[in-house]
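# Fold and geometry: a report
Chain by chain, the residues run as shown.
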Amino acid sequence: MAQALVFPGQGAQYVGMGQELAAACPAAAELQQRADAILALPLSRIMREGPLEELTRTDISQPAILLASMMAHAALSERQAEPACVATGGLSLGEYTALVAAGAIGFEDALRLVRVRGEAMQAAAEATDGAMVALIGTDEQGATALCEAVRGDQVLQVANLNATGQVVISGQREACERAVAAARAHRIRRAMPLPVAGAFHSPLMASAATRLAEALEAVGFAAPRVPVYHNVTGAANSDPASIGELLVRQLTEPVRWADCLVAMQRDGADAFLELGPGKTISGMIARTLKDVTTTHVDTAADLDAI
């Protein structure tokens, strides 16, 4: 079987994530200690003890989820040979973890970048009155039509194409509220406001994109060992010179995760290994792809089951 490694994004966090792996696997515990030192932040304590409100902050959750995902990767590699794969990718924030797993960037650089990314996104969210809405029972065309019908002179666009029949839109709060009210008239089964800090993956994140671009100037990328599937294109990429630009664009453009999954399968992947907290990616795979297997590693028990 040809295996693809996939990694979760923001929203997967929970208090206690990674702690079973740290207790069972020295390599995972070492990553926690390194992360605390790199960021000069008690990240492992926040992951272990919470409170959830602090862990959920964009500037905390992003490095915490990257760390927890890399702990799962390290624990798996400690138990067996490093997971052989033909491709790797991640949902939004998870794209950074995928780049580490593929050898395109070091763990320390990635951790520092997502800390800056999280801070910049939190600041942009606080400076704008943005929101996001999940649409169930539509596609990109239907979601775009809804946005065009209700946005008026405000920002509102497709932000996430997560899985078949699941699209997220993002923009100014009033426009999002109009979209929720008009969804049924556009034959969209359900429209749910999301509990997020701001309008991610929309032009309201332009200031965050600028700050991230500045941070990326100090980081060099290597050619990944396997193709990395990028959110903004939904396609594989092995050119290190283009990685920074793709990461910056991700903040203001749609995340084409369903396209990434379809492309991975088309390019030969038929077994997906989700590494990190939660099972969000596994659910998206089940809704989007047929004839593939999915394995999830988040805890020591998950490792034992492999």
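Structure: see above.
### A few points about the overall build of the protein
The number of helices and strands found in the protein is 14 helices and 10 strands. For 306 residues, the compact-globule estimate of 2.2 N^0.38 gives 19 Å, and the protein sits close to it at 18 Å. Overall, the protein is about 55 × 45 × 35 Å in size when its C-alpha atoms are taken along their principal axes. Classification of the 306 residues of the protein by burial places 57% in the buried group.

### What to know about the sheet that holds strand β3 (residues 130-136)
Strand order in the open sheet formed by four strands is β4-β5-β3-β6, with antiparallel pairing between adjacent strands. Looking at which strands have only one partner, the edges of the open sheet turn out to be β4 (156-163) and β6 (190-193). Strand after strand, the sheet turns through a mean of 25° between neighbouring axes, direction not considered. Set on the sheet, helix α8 (residues 140-150) makes contact with β3, β4 and β5 (166-172); between it and β4 the angle comes to about 160°. Packed on one face of the sheet, helix α9 (residues 173-182) meets β3, β4, β5 and β6 and runs near 140° to β5.

### Here's the deal with the packing of helix α5 (residues 58-79) against helix α7 (residues 107-127)
For the pair α5 and α7, interaxial distance at closest approach is 7 Å and the crossing angle is 155°. When the interaxial angle is binned, α5 and α7 end up roughly antiparallel. Pair α5 / α7 crosses with right-handed handedness. For the pair α5 and α7, contact is made by Thr58, Asp59, Ile60, Gln62, Pro63, Leu66, Leu67 and Met70 and by Phe107, Ala110, Leu111, Val114, Arg115, Arg117, Gly118, Glu119, Met121 and Gln122, respectively. When the residues that make up the contact of α5 with α7 are grouped by side-chain class, the tally is 10 nonpolar, four polar and four charged.

### Regarding the environment of Gly142
Relative to the helices and strands, Gly142 is located in helix α8. On the basis of relative accessible area, Gly142 is assigned to the partly exposed category, the value being 21%. Along the primary structure Gly142 and Ala301 are separated by 159 residues, whereas in three dimensions their C-alpha atoms are 41 Å apart.

### Looking at the sheet that holds strand β7 (residues 228-230)
Spatially, six strands are ordered β8-β7-β2-β1-β9-β10 in an open sheet, and the strand pairing comes out mixed. With one partner strand each, in any of the chains shown, β8 (235-237) and β10 (293-297) form the two edges of the open sheet. Neighbour-to-neighbour, the strand axes of the sheet open up by a mean angle of 30°, direction not taken into account. Both strand β1 (residues 3-7) and strand β2 (residues 87-90) contribute to a ladder of four bridges, which runs parallel. By the bridge assignment, Phe7 is partnered in β2 with Gly90. Relative to the sheet, α5 contacts β1, β9 (271-275) and β10, its axis offset from that of β9 by approximately 120°.

### A few points about α8
Taken as a whole, α8 has its buried residues at Ala143, Leu146, Cys147 and Val150. One side of α8 carries all its buried residues, which in axial view fall inside an arc of 100°. In α8, the exposed positions that point more than 90 degrees away from the buried face belong to Gln141 and Glu148. At the N-terminal end of α8, a side-chain oxygen is found 3.3 Å from the backbone nitrogen of Gln141, two or three residues along, and the residue is Asp139. Among the residues trailing α8, Gly152 stands out with phi positive, at a value near 60°.

### What about the pairing of β5?
Burial analysis of β5 places six of its seven residues in the buried class, which makes it a mostly covered element. Bridging between β3 and β5 involves seven bridges; their strand directions are antiparallel. Across the sheet, the residue bridging to Val133 is Ile169, located in β5. What sits between the antiparallel neighbours β4 and β5 is a turn of two residues, in which Gly165 has the positive phi angle 80°.

Calculation notes
Residues numbered from 1 in each chain as written. Predicted model: local features only at pLDDT ≥ 70, side-chain atom pairs only at ≥ 80, totals over all residues. Heavy atoms only, no water. Helix = DSSP H or I, 4+ residues; strand = E, 2+ residues; numbered from the N terminus. Rg over C-alpha atoms; globule rule 2.2 N^0.38 Å. Buried < 20%, exposed > 50% of the residue type's maximum accessible area, 1.4 Å probe, protein only. Pairing = 2+ DSSP bridges. Axes fitted to C-alpha atoms, helices over the stretch in contact; angles between N-to-C directions. Contact = heavy atoms within 4.5 Å. Parallel < 35°, antiparallel > 145°, perpendicular 65-115°, else oblique. Left-handed = near helix turned anticlockwise from the far one by under 90°. Nonpolar A, V, L, I, M, F, W, Y, C, P; charged D, E, K, R; others polar. Arc of directions from axis to C-beta. Polar contact = N/O pair within 3.5 Å; in protein donor to acceptor, adjacent residues only side chain to side chain.

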